[in-house]
Amino acid sequence: MKTLITGASRGVGAALLDACRSAGHDVQGTATATEGLIPLDVTDPEGFGALKAAAGDRLDLLVCNAGVYLEKGQRIEDGYAADLWAKTFATNVTGVFLTVQHLLPALKAAEGAKIAIISSQMGSSERAGGNSLIYRSSKAAALNLGRNLAVALKDQGIAVGIYHPGWVRTDMGGSGADISPEQSAAGLLQRFEALSLSTSGCFEMWNGEPMPF
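This write-up is about the structure you can find in this document. Sequence order as written defines the numbering, with residues in each chain counted from 1. Given that the model is predicted, a residue must reach a pLDDT of at least 70 before its local features are reported, and side-chain atom pairs must reach 80 or more before they are shown or counted; all residues, however, enter totals for whole chains, interfaces and linings. Side-chain measures were taken over the full set of non-hydrogen atoms in the model, leaving aside hydrogen atoms and water.

### Some details on the packing of aromatic side chains
- Stacked, tilted and edge-to-face are the three classes assigned to paired rings of Phe, Tyr and Trp, where Trp is represented by its six-membered ring and a pair needs centres within 6.5 Å; plane angles under 30 degrees give stacked, over 60 edge-to-face, the rest tilted. One pass over the full model with this rule turns up four aromatic pairs.
- Summarising the aromatic geometry, the rings of tyrosine 163 and phenylalanine 192 are spaced 5.3 Å apart at their centres and angled 65° between planes, so their arrangement reads as edge-to-face. Of the two residues, tyrosine 163 is situated in strand β6 (residues 159-164) and phenylalanine 192 in helix α5 (residues 181-194); the sequence distance between them amounts to 29 residues.
- On the basis of relative accessibility, which here comes to 0%, the residue tyrosine 163 falls in the buried class.
- Ring plane angle 35° and centroid distance 6.0 Å describe the contact between phenylalanine 203 and phenylalanine 213, whose orientation is recorded as tilted. Of the two residues, phenylalanine 203 is situated in strand β7 (residues 203-205) and phenylalanine 213 in the segment after β7; the sequence distance between them amounts to 10 residues.
- Categorising residues by exposure relies on relative accessible area from a 1.4 Å probe, with only protein chains included: less than 20% of the type maximum marks a residue as buried, more than 50% marks it as exposed, and the intermediate range marks it as partly exposed. Residue classification places phenylalanine 213 among the partly exposed residues on the basis of a relative accessible area of 40%.
- Stacked on the ring of phenylalanine 213, the Lys or Arg arginine 147 has its end atom at 4.1 Å from the ring centre. Segments assigned H or I by DSSP are reported as helices when at least four residues long, segments assigned E as strands when at least two residues long, and all are numbered from the N terminus. Working rule: Lys NZ or Arg CZ, within 6 Å of ring centre, within 35 degrees of ring normal, means a charge sits over the ring.

### Considering α5
- Between its first and last C-alpha atoms α5 spans 20 Å; for 14 residues at 1.5 Å apiece the expected length is 20 Å, and the two agree.
- Within α5, burial applies to Pro181, Ser184, Ala185, Gly187, Leu188, Leu189, Arg191 and Phe192.
- Here, residues are in contact when the closest pair of their heavy atoms is within 4.5 Å. Lining the buried residues of α5 we find α1 (11-22), β4 (61-64), β5 (114-118), β6 and β7. A helix is expected to span 1.5 Å for every residue after the first.

### Considering the side chain of threonine 170
- Relative to the helices and strands, threonine 170 is located in the loop between β6 and α5.
- Not counting the four nearest positions on each side in its chain, threonine 170 is found in contact with Gly11, Val12 and Pro181.

### Some words on the layout of surface pockets
- Within this model, the largest pocket holds a volume of roughly 1000 Å³.
- Throughout, the protein atoms alone are placed on a 1 Å grid, and a set of points is a cavity if a 1.4 Å probe fits but cannot get out or a pocket if it is open with protein on both sides within 12 Å along at least five of seven lines; lining residues have an atom within 4 Å of a point. Forming the walls of the largest pocket are 40 residues, and the residues nearest its centre are Asn65, Gly67, Val68, Thr170 and Met172.
- Those elements that place two or more of their residues in the lining of the largest pocket are α1, β2 (26-31) and α4 (133-154).
- Only Asp, Glu, Lys and Arg are considered charged in this grouping, and only Ala, Val, Leu, Ile, Met, Phe, Trp, Tyr, Cys and Pro are considered nonpolar; every other residue, Gly among them, is considered polar. Class assignment for the residues of the lining of the largest pocket results in 16 nonpolar, 18 polar and six charged. Grid points are joined across faces, edges and corners, and a volume is the space filled by probe spheres set on the points.

Shown next, in the form of structure tokens:
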């Protein structure tokens, strides 16, 4: 299976890259500046040339994992600056769309192509927490984008799934999180394999549990 993973230099993305290699995928990953990975800034519309070249004529699985969480510790009273909103949405939402848009010809050329969007339970409206307002809003938007792409691309034979990777022990999740990146990646890979047109638009946890929208 020919696979591309964005944001693959660390955390869940790096673990997914390793898991796909172990599973025998023809897999490549991207990073903003990491040797051995495809250079890509998902916020730059002009920077997708190397990614399109790597995808070639056909791509079976695209994993949109690149994301940022910039506002830890912000307060409503005096935080959440406008530039934090702009930077977060540029990566977590627009970056997902641009990646899909630029790789759509290669996905269309594959039989049974799949797109996996890494969102978060923090994007669920039913799990509002009253904090991390920018990150939560961006992940809710990524979830909405994925649901709409699932409808838009179904007739073209492309399935889209949206996933919560779990609370993972990474720089973003912290050392006290529930699971390791390897556990998350193993579960997510099983979800990607199970994704089909009949389940397109799903929002699931890394372990297969359905997530509330």
